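Examination of the molecular architecture
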2 protein chains.
Amino acid sequence: MAAINVLEKFNRFDDHWTPKLIAELNGQAVKLAKVSGEFVWHDHAAEDELFLVFRGTLFIDFKDRPTITLQTGELYVVPRGVQHRPRTNPGEEAWVMLLEPMTTAHTGAVRHALTQDACERI
Amino acid sequence: MAAINVLEKFNRFDDHWTPKLIAELNGQAVKLAKVSGEFVWHDHAAEDELFLVFRGTLFIDFKDRPTITLQTGELYVVPRGVQHRPRTNPGEEAWVMLLEPMTTAHTGAVRHALTQDACERI
């Protein structure tokens, strides 16, 4: 394995809401995603999920608590079992690093047009 | 839990080689460390360890493979069981995010003047 330059990896793709695998450790996946607009409401029953923003502003909406706002250089861990919806301002884009178990489906148990069954490794 | 600003957390301490816990997910710890000079050679028998550099240049020396150089924005996963030594250029400092199991001792099985038995949460 060589050193991984995170921004160089981000520059390899332009599609939204399709996390790409860049590293793996201890059963956890390090993924990168570009996001824009609203994702689907979902939860991960047994998996905590970390969001670290590399560019832009990411909002994480919750059904039972106030929305979290993440600017570049900020992170948040969504606890397992908590319904959440990642979102940006309309027309804006955010670049996000995700950390979650290798087994995590990005829309949880929800089947949605945005659901991807496999995570591309870049 | 509120959003965590990584640089704000780095600004809370100045000591070297003393990782601070900033978040936890799925049994994994997210830690920040400021480092300068050479650390002790060690390995983690059953734990992979991720290094993500936020400032400066980090070298990771190995006994059986070439040194890895990590600039700001670059990451590397040291596989379990692999002897390694984090290092900076003499007199320089690097700011590093670590990801590893909550159970990981930062000097592995090695007891050293730099070994800390508990990781402060900031």
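Residues numbered from 1 in each chain as written. Chains lettered and ligands numbered in written order. Predicted model: local features only at pLDDT ≥ 70, side-chain atom pairs only at ≥ 80, totals over all residues. Heavy atoms only, no water.

Identification of chain A as Cupin domain-containing protein from Neolewinella xylanilytica is taken from an unreviewed UniProt entry.

What follows deals with the overall build of chain A. A count of helical and extended segments in chain A gives one helix and nine strands. In sequence order, the secondary structure elements of chain A are arranged as β-α-β-β-β-β-β-β-β-β. The C-alpha radius of gyration computed for chain A amounts to 13 Å, which stays within 12% of the reference 14 Å derived for 122 residues, consistent with globular compactness. Here the C-alpha coordinates of chain A stretch approximately 40 × 30 × 25 Å along the principal axes. In chain A, which comprises 122 residues, the share counted as buried stands at 56%. Sequence-distant contacts, at least 24 apart, represent 66% of the contacts inside chain A between residues at least 6 apart. On chain A, the mean spot of the 13 positive side-chain charges and the mean spot of the 17 negative ones are 2 Å from each other. (Helix = DSSP H or I, 4+ residues; strand = E, 2+ residues; numbered from the N terminus. Rg over C-alpha atoms; globule rule 2.2 N^0.38 Å. Buried < 20%, exposed > 50% of the residue type's maximum accessible area, 1.4 Å probe, protein only. Contact = heavy atoms within 4.5 Å. Lys, Arg positive; Asp, Glu negative; His and termini not counted. Charge placed at Lys NZ, Arg CZ, Asp CG, Glu CD.)

With 33 residues of chain B at the interface, the matching set in chain A holds 33 residues. Of all residues in chain B, B:Met1, B:Asn26 and B:Leu75 bury the most surface against chain A, accounting for 26% of the area lost on that side. Where chain B meets chain A, there are zero salt bridges. If you look at where chain B meets chain A, you find 14 residue pairs in polar contact (both at pLDDT 80 or more). Elements supplying a minimum of two residues to the side of chain B that touches chain A: β1 (4-5), β2 (20-25), β3 (28-35), β4 (49-55), β6 (68-70), β7 (74-78) and β9 (94-101) of chain B. Residues that form the side of chain B that touches chain A fall into these classes: 21 nonpolar, five polar and seven charged. Sheet topology note: the strand β1 (residues 4-5) of chain A/β7(B) ladder contains two bridges and is antiparallel. Across the sheet, residue A:Asn5 finds its bridge partner in β7(B), namely B:Glu74. (Buried area = accessible area lost by both parts, 1.4 Å probe. Salt bridge = Lys/Arg side-chain N within 4 Å of Asp/Glu carboxyl O. Polar contact = N/O pair within 3.5 Å; in protein donor to acceptor, adjacent residues only side chain to side chain. Nonpolar A, V, L, I, M, F, W, Y, C, P; charged D, E, K, R; others polar. Pairing = 2+ DSSP bridges.)

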